[in-house]
Amino acid sequence: MCGFSMPKSDMAQLSKAIGVGVASGGLSGLLGVGGGILMVPCLVFLLGMEQRRAHGTSLAAMVLISAAGLSGFILTNSVAYAPGLFIFVGSACGVVVGTWLLDHLEVRTLQVGLAVLMLITAARFLLLVADSEGHGGLTWLQALGYVACGLATGVLSGTMGVGGGIIMIPIMILFFGFEPTIAKGTSLLVIFPTSVIGTLRNRHLGNLCPSVAWVVGMAGVASAFVGALGANQLSPRLATSLFAGLLIVASVQMLHKGLQTR
C-alpha cells in the first residue's frame, strides 16, 4: 500500500500532485538540484503521504524530472561528463546505503534530519560564491575527491529522497572551481542514474507510491526542461536567495512536525 490514495474522481488531490511536480521540476532545472528538497515536504503536507514513502516517491519522480532538466543543460553544452562519471561511481554506492538507512531509521529522525538539511542548504546557497574560473584538468586526486563527493550525495539521495545537488553543486563550485551553470548540469547528470538506482531499491523495500511518482514526475518534465534552458538568464543571487527563503519556510514546517511526532 502507498499510504496515500489518489482516486480519479479526486481532482483536488490530482491538481496538488501536478502542482508539486511543476514547482519541483522548475527548481530542478533552474538550480540543478533534484527537486526533492521541495517535493518531500509537499508530499507530506499537501498530499498527506507518510514520511518514509514520501522520500521514496520523491526519488522516483526525480528520475523523469532530472532527465528533462539534464537534456536542457546538454543542449547548452553545460555538462562536464568525466567528473560526473566519477561522482556517479561514489553516488551509486552511497545510494544503496542510503536506501537501507531509509528503511531502518525512525520517521521522526527523517523529519528532523530533513529540516536540518534544509537549513544548512539555505545557508550554503546564501553564502555560495557565484564567480568561478572553471574547473581544470582531471587528476587522480581530483577523481578521488569526486568519488567522495558522490558517496555523500548517494547517501543523501537514498535517505532523504533528494537528488543530492544541494551537496554536489556547492562542492563543485567552491572546491573544484566549476562555473555555476556547468555545476548544475553535471549535478543533474549524476542525479538521473542515482535516482534510478535508488528507486529500484525503494521499490524492492516498498518505500514508494508508483502512481503518485508518475504523476509528479510527468508534471515536472516540461518545467524542468524550461528551467534548465533559462538557468543562464536568471541572476544567480536572486535565484539562490529565493530558493534559500523557500527552504527556510519548509524546514520550519518540517521541524515542527518532526518534533511533534512520537
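See the structure above.
Report on the accompanying structure. Small disclaimer: the values here were computed from a predicted structure and weren't measured. (Residues numbered from 1 in each chain as written. Predicted model: local features only at pLDDT ≥ 70, side-chain atom pairs only at ≥ 80, totals over all residues. Heavy atoms only, no water.)

### Comments concerning the side chain of Ser24
The condition that has to hold: Strands here mean DSSP runs of E at least two residues long; helices mean DSSP runs of H or I at least four residues long; both are numbered from the N terminus. The rule is simple: take the accessible area with a 1.4 Å probe, protein chains only, and divide by the maximum for that residue type; under 20% is buried, over 50% is exposed, in between is partly exposed. Residue contacts follow a heavy-atom distance rule, with two residues in contact if any of their heavy atoms lie within 4.5 Å.
Mapped onto the elements, Ser24 comes out in helix α1 (residues 11–31). Residue classification places Ser24 among the buried residues on the basis of a relative accessible area of 0%. Sequence-distant contacts of Ser24, that is, excluding residues within four places in its chain, are made with Gly35, Leu38, Met39 and Ile65.

### Quick look at the layout of surface pockets
Heads up, the rule is: We place a 1 Å grid over just the protein atoms. Points where a 1.4 Å probe fits but has no way out form a cavity, open points with protein on both sides within 12 Å along at least 5 of 7 lines form a pocket, and any residue with an atom within 4 Å of a point lines it. Grid points are joined across faces, edges and corners, and a volume is the space filled by probe spheres set on the points. Any residue that is not Ala, Val, Leu, Ile, Met, Phe, Trp, Tyr, Cys, Pro, Asp, Glu, Lys or Arg is counted as polar, Gly included; the first ten are nonpolar and the last four charged.
In this structure, the largest pocket occupies an estimated 210 Å³ of space. Around the largest pocket sit Ala60, Val63, Leu64, Thr199, Leu200, Arg203, Leu208, Pro210, Ala213 and Trp214, which together line it. Elements represented by at least two residues in the lining of the largest pocket include exactly α3 (51–75), α8 (180–205) and α9 (210–229). In terms of residue class, the lining of the largest pocket is made up of 8 nonpolar, 1 polar and 1 charged.

### Observations regarding the packing of aromatic side chains
Centre-to-centre distance and the angle between the planes together describe a pair of aromatic rings. Operational definition: Working definition: rings of Phe, Tyr and Trp (its six-membered ring) pair if their centres are within 6.5 Å, and the pair is stacked with planes under 30 degrees apart, edge-to-face with planes over 60 apart, and tilted otherwise.
Going through the model one piece at a time under the given rule, you end up with 2 aromatic pairs. With a centroid separation of 4.3 Å and an interplanar angle of 35°, the aromatic rings of Tyr146 and Phe176 are classed as tilted. Highlighted residues: Tyr146 in helix α6 (residues 140–160) and Phe176 in the loop between α7 (165–174) and α8, separated in sequence by 30 residues. The residues Tyr146 and Phe176 share a single accessibility class, namely buried. Centroid distance Tyr146 to Phe178: 6.2 Å. Interplanar angle 85°. Geometry classified as edge-to-face. Of this pair, Tyr146 sits in helix α6 while Phe178 sits in the loop between α7 and α8, placing them 32 residues apart in sequence. The exposure class of Phe178 is buried, given its relative accessible area of 0%. Among the aromatic residues, those joined into a ring-pair cluster are Tyr146, Phe176 and Phe178.

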